[in-house]
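Chain residues, written in single-letter form:
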Amino acid sequence: TGQDEVFVLPFPDWRSGLVHVSTNGGTEPVWGHNGRELFFRDRDGWMVAASYTAEPTFRVESRDQLFDASIYRAAEGWREYDVDSADERFLMFRRVGGNEEGDALLPMVLIQNWFTEVEEKMGGGNTRR
């Protein structure tokens, strides 16, 4: 097509069929955890969820634009986001200080078990909610 696209090939007989998933270009595909969706970015920067069925063969049932992700970092050749285990939220890096070529490199800090850490710093876990 002259642009990046998302395709699915069957395995192990990959020659038996090629399914075109994206319709407006596509990059950074990732399978949903639910076994029914494939997420990717389209050419305009929108996150898309392609719903599919795999029985008896792979077939795209619908493609839904989720949100404009153009303000979040994108990379050529690898994925710059992830999807939570419920397929409801995305972890993405927001562009800072410029455009795609001039993004500032800032550290990322991930705090796991934040409430547990706060309770320990506050003197125990006996707080009422």
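Participant: Sorry if this is basic, but what is going on with the overall build of the chain here?
Facilitator: The secondary structure content of the chain amounts to one helix and eight strands. In sequence order, the chain lays out its α and β elements as β-β-β-β-β-β-β-β-α. Residue burial in the chain is summarised as follows: out of 129 residues, 29% are buried. In the chain, once contacts between residues fewer than 6 apart in sequence are set aside, the share between residues at least 24 apart is 28%. On the chain, roughly 9,700 Å² of surface is accessible, and the fraction owed to carbon and sulfur atoms is 51%.

Participant: Before we go on, may I ask you to explain the side chain of D42 in this structure?
Facilitator: Mapped onto the secondary structure, D42 falls in the loop between strand 4 (37-41) and strand 5 (46-53). At 7.2 Å, R43 is the nearest oppositely charged side chain to D42, a buried residue that forms no salt bridge. Side chain to side chain, D42 and Q65 meet in a polar contact 3.1 Å long. The contact partners of D42, leaving out residues within four places of it in the chain, are N24, G25, G26, V48 and Q65.

What counts, and at which threshold
Residues numbered from 1 in each chain as written. Predicted model: local features only at pLDDT ≥ 70, side-chain atom pairs only at ≥ 80, totals over all residues. Heavy atoms only, no water. Helix = DSSP H or I, 4+ residues; strand = E, 2+ residues; numbered from the N terminus. Buried < 20%, exposed > 50% of the residue type's maximum accessible area, 1.4 Å probe, protein only. Contact = heavy atoms within 4.5 Å. Areas by Shrake-Rupley, 256 points an atom, 1.4 Å probe, with all protein chains shown as cover. Lys, Arg positive; Asp, Glu negative; His and termini not counted. Salt bridge = Lys/Arg side-chain N within 4 Å of Asp/Glu carboxyl O. Polar contact = N/O pair within 3.5 Å; in protein donor to acceptor, adjacent residues only side chain to side chain.

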